[in-house]
Amino acid sequence: MATAAAAKKKTNKKNSSPEGQFRHALDTCSKNGDLAGALALYETAVAEDLRLSAYHLNSLLHILSSSIETLGDEASTRSVVDAGSRIFDAMVAAGIAPNESTVTSMARIAARRPDGGGDLAFDLVRTMGEKYGATPRLRTYGPALFAFCRELEAEKAYDVENHMVSTGVVPEEQEIAALLEVSAKVGREEKVYEYLHRLRSNVRYVTASTAEILEGWFRSKPAAEVGSSNWDAGRVKDAILKNGGGWHGLGWLGKGTWEFNRANVNADGRCNYCRQQLACVDIDQSETKKFAESVASLAMEREAMSNFKKFQDWLDDHDGYDAIIDGANVALYQQNFADGGFNLSQLDAVVGDLSKRFKNKCPLVILHNRRVQALMENPYNRQLLGTWKSKGVLYTTPSGSNDDWYWLYAAVRLGCWLVTNDEMRDHIFELLGRSFFSKWKERHQVRYTFAKGNLTLVMPPPYSTVIQECQTGSWHVPLDEKCDDEKLRTWICIRRHESHQASCKADLTGHSIKTITESQDLPTIPAKCANNSNSNSVERVIGKRKERPSTF
């Protein structure tokens, strides 16, 4: 009780000090959004020569930055900008180093200055590292970027973006949409195209506000006029294949007004408005090569280098596989019960199913040597493993190795399916980075289930829910909606009135661009598996055997 009383007395004494009373009043202003009250408090504190802390000054700037956007007249806005500048300068003069939050608040205030606000905000961001040792974040750049976009100062907005990139800050949908909109308004059609692709690569779905910006562009006269009526169809197709499907990046194709329609996409990935088949987008060839090299490099750091190099050489000589199986993951599926163990019959079922799908062409099973040695004690297992080895189905990783590196590298290196339920979230996968890992998994990972002896392979989706640019020059843009069923998601189907006709000719190949109903050659699954995916799931029943394989 005495301790509590002492603490209360200490608190009351602290709050009774001028600084404590100022803080209490300031917190009340912040809670109520009382801009006038906060400014009056500051003027009183200055008149009374009150010593203000970093907390006091940051709170004042936060109140000003939160309130300034609601001011309706220029005079009030200028007054708040001037007050913010005085508070910021007082902080610096007092030897209090502004942090990122401080600069962000001041940038929001400065950006609202009627003349040159964007320049003031951007100057704060550009110099914050050198002057104050603070590192900008995405929110720090926003005030300057959006100010330049509002004022249609596109080149300055591009400068802000370039500075963002130089500091490793990645723009998100709101920033990209603003850059796209200002580019459209100032007639920079090539920049509109660039930022539309930036949306494609950085944003999976778009919000309604971004969709409105896109509609404004595609319904404009410049959008109808930009583009080529003649293009190299072969070059477009090659670019799509090289990029992993879903886009070519060669510029606007076609001429004429655009249709902008809401649509849905069916379970097979076909737009129900224009009948265009959407692609299951993969990482591009350069990313695939980089990904495989990263896996190999990390594996050789953690494995015996000679062992993994031996596997790489072996895979170079045996590169015809269309599917890799994470053997341990399949065989140990749902085996966490008393008599459970390493169920080789489950693995055999997956091998048999894939062999049937690939017309008797076998997949590759990756198993650790320790597993194989234990399995060889059972006659049935020994016979089955011997058959797999003779057919080239089995690769045994050496003792002391981590077989995860082997099956992942094989699937990436060969560009084929990977059968595993492993979510690949372990620390070894985190080492690879997440920039394109999720996209690769979506395209290549085959999941499975066993229910009462029935195997179901869940194939990769036939299309990706991302912005897609088609070889006819049309676009499909998914909206950001909460959908339990992807068939109910709204897409924007954007095409020129003539895009589905053969009126646009290729000027270099002599072949007309295929009509949109002839686009089934676009990649929707791994190229090596293109003839083997007719549905998203396939079932197979595991038959009973006279001699059950041993488990451990």
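Residues numbered from 1 in each chain as written. Predicted model: local features only at pLDDT ≥ 70, side-chain atom pairs only at ≥ 80, totals over all residues. Heavy atoms only, no water.

Right, let's talk about the overall build of the protein chain for a bit. Assigned secondary structure in the protein chain consists of 23 helices and 11 strands. Classification of the 552 residues of the protein chain by burial places 50% in the buried group. Put simply, 73% of the contacts in the protein chain that link residues at least 6 apart link residues at least 24 apart. (Helix = DSSP H or I, 4+ residues; strand = E, 2+ residues; numbered from the N terminus. Buried < 20%, exposed > 50% of the residue type's maximum accessible area, 1.4 Å probe, protein only. Contact = heavy atoms within 4.5 Å.)

Another point: the packing of aromatic side chains. In this structure the tally under the stated criterion is 28 aromatic pairs. Taken together, a centroid distance of 5.8 Å and an interplanar angle of 40 degrees make the contact between Phe 358 and Trp 417 tilted. Note that Phe 358 is positioned in the loop between helix H18 (344–357) and strand S3 (364–368) and Trp 417 in strand S5 (residues 417–419), a separation of 59 residues in sequence. Across the pair, Trp 417 and Phe 358 agree in class, each one buried. Members of the aromatic cluster, each reached through a chain of ring pairs, are Phe 308, Phe 311, Trp 314, Tyr 321, Tyr 395, Tyr 406 and Tyr 409. For the cation-ring pair, Arg 126 lies above Phe 122, with the distance from its terminal atom to the ring centre recorded as 4.3 Å. The side chain of Lys 191 reaches across the aromatic face of Tyr 158, ending 4.4 Å from its centre. (Phe/Tyr/Trp six-rings, centres within 6.5 Å; stacked < 30°, edge-to-face > 60°. Lys NZ or Arg CZ within 6 Å of the ring centre and 35° of its normal.)

With that out of the way, let us pick up the sheet that holds strand S9 (residues 475–478). Strand pairing in a sheet takes place through backbone hydrogen bonds and is either antiparallel or parallel in direction. In spatial order, the strands read S1-S10-S9-S8; together these four strands make up an open sheet with antiparallel pairing. At either margin of the open sheet sits one strand with a lone partner, and together these are strand S1 (258–263) and strand S8 (468–469). Sheet topology note: the S9/strand S10 (residues 491–496) ladder contains four bridges and is antiparallel. Across the sheet, residue His 476 finds its bridge partner in S10, namely Cys 493. (Pairing = 2+ DSSP bridges.)

Judged by nonpolar contacts, the single largest core of 80 residues is most densely connected at Phe 218, Trp 252 and Trp 475. Counting 32 residues, the second largest nonpolar core, distinct from the first, contains Leu 385, Val 446, Phe 450 and Met 459. (Core = buried A, V, L, I, M, F, W, Y, C linked by side-chain atoms within 4.5 Å.)

With that out of the way, let us pick up the packing of helix H16 (residues 305–317) against helix H21 (residues 403–414). Running from N to C, H16 and H21 point in directions that differ by 35 degrees, and their axes come no closer than 11 Å. Between H16 and H21 lies a crossing of right-handed hand. On H21, the residues touching Asn 307, Phe 308, Phe 311, Gln 312, Leu 315 and Asp 316 of H16 are Trp 405, Tyr 406, Tyr 409, Ala 410, Arg 413 and Leu 414. Tallied by class, the residues present in the contact of H16 with H21 amount to eight nonpolar, two polar and two charged. (Axes fitted to C-alpha atoms, helices over the stretch in contact; angles between N-to-C directions. Left-handed = near helix turned anticlockwise from the far one by under 90°. Nonpolar A, V, L, I, M, F, W, Y, C, P; charged D, E, K, R; others polar.)

Quick look at the pattern of salt bridges now. Side chains carrying opposite charge are able to pair once their charged atoms draw close together. As enumerated under the stated definition, the model contains 27 salt bridges in all. In this structure, Asp 27 and Arg 23 form a salt bridge, with 3.9 Å as the shortest nitrogen-oxygen distance. Here the residue Asp 27 and the residue Arg 23 both occupy positions in helix H2 (residues 18–32), the gap between them amounting to four residues, near one helical turn. What makes Asp 27 partly exposed here is its relative accessible area of 30%. (Salt bridge = Lys/Arg side-chain N within 4 Å of Asp/Glu carboxyl O.)

A positive phi angle, near 60 degrees, is found at Leu 152, a position not held by glycine. Turning to its location among the elements, Leu 152 is positioned in the loop between helix H8 (138–150) and helix H9 (154–166).

The next subject is the pairing of strand S6 (residues 445–451). Two faces make up the sheet, and in a regular strand the side chains alternate between them. Here S5 runs beside S6; their pairing, made up of two bridges, is parallel. Along S6, the bridge assignment pairs Val 419 with Val 446. For S6 and strand S7 (residues 454–458), the ladder comprises five bridges, and the chain directions are antiparallel. Bridge assignment links Phe 450 to a residue of S7, and that residue is Leu 455. Following S6, the chain reverses through two residues before pairing antiparallel with S7; Lys 452 in that reversal takes a positive phi of roughly 55 degrees.

Taking 1.5 Å as the rise per residue, helix H5 (residues 74–93) with 20 residues should run 28 Å; its terminal C-alpha atoms sit 28 Å apart, in good agreement. Listed in full, the buried residues belonging to H5 are Thr 77, Val 80, Val 81, Ala 83, Gly 84, Ile 87, Phe 88 and Met 91. For H5, the arc enclosing every buried residue in end-on projection is 165 degrees, short of the 170-degree limit, so these residues lie on one face. When the buried face of H5 is taken as reference, the exposed residues oriented beyond 90 degrees from it are Ala 75 and Ala 93. Downstream of H5 by a residue or two, Gly 95 has a phi angle that is positive, lying close to 80 degrees. (Expected span 1.5 Å × (residues − 1). Arc of directions from axis to C-beta.)

Note that Leu 41 resides in helix H3 (residues 35–47). Sequence separation of Leu 41 and Cys 29 is 12 residues, and the distance between their C-alpha atoms is 9.3 Å. Leaving out residues up to four positions away in the same chain, Leu 41 has contacts with Phe 22, Ala 25, Leu 26 and Cys 29.

You can see Leu 241 is positioned in helix H14 (residues 233–242). The class of Leu 241 is partly exposed, set by a relative accessible area of 42%. It is 8.0 Å that separates the C-alpha atoms of Leu 241 and Asp 284, two residues lying 43 residues apart in sequence.

Attention shifts here to the side chain of Ser 67. Along the chain, Ser 67 turns up in helix H4 (residues 54–67). Classification of Ser 67 by relative accessible area gives buried; the value is 10%. Of note is the side chain of Ser 67, whose polar atom sits 2.9 Å from the backbone oxygen of Ile 63. Each residue touching Ser 67, except ones within four places of it in the same chain, is listed here: Gly 33 and Leu 35. (Polar contact = N/O pair within 3.5 Å; in protein donor to acceptor, adjacent residues only side chain to side chain.)

Next up on the list: the confidence of the model for the protein chain. Should pLDDT be low for a region, the predicted coordinates there are not to be read in detail. For the protein chain, per-residue confidence averages 85 on the pLDDT scale, and residues scoring 70 or more make up 85% of the total. Mean pLDDT values for the elements of the protein chain range from 44 in strand S11 (residues 537–541) up to 98 in helix H10 (residues 173–185). Here residues 4–11 scores under 50 on pLDDT; set against residues more than four positions off or in separate chains, the count is zero contacts. Note that pLDDT drops below 50 for residues 499–525; the model gives that stretch 67 contacts with residues more than four away or on any other chain. (pLDDT = per-residue confidence, 0-100.)

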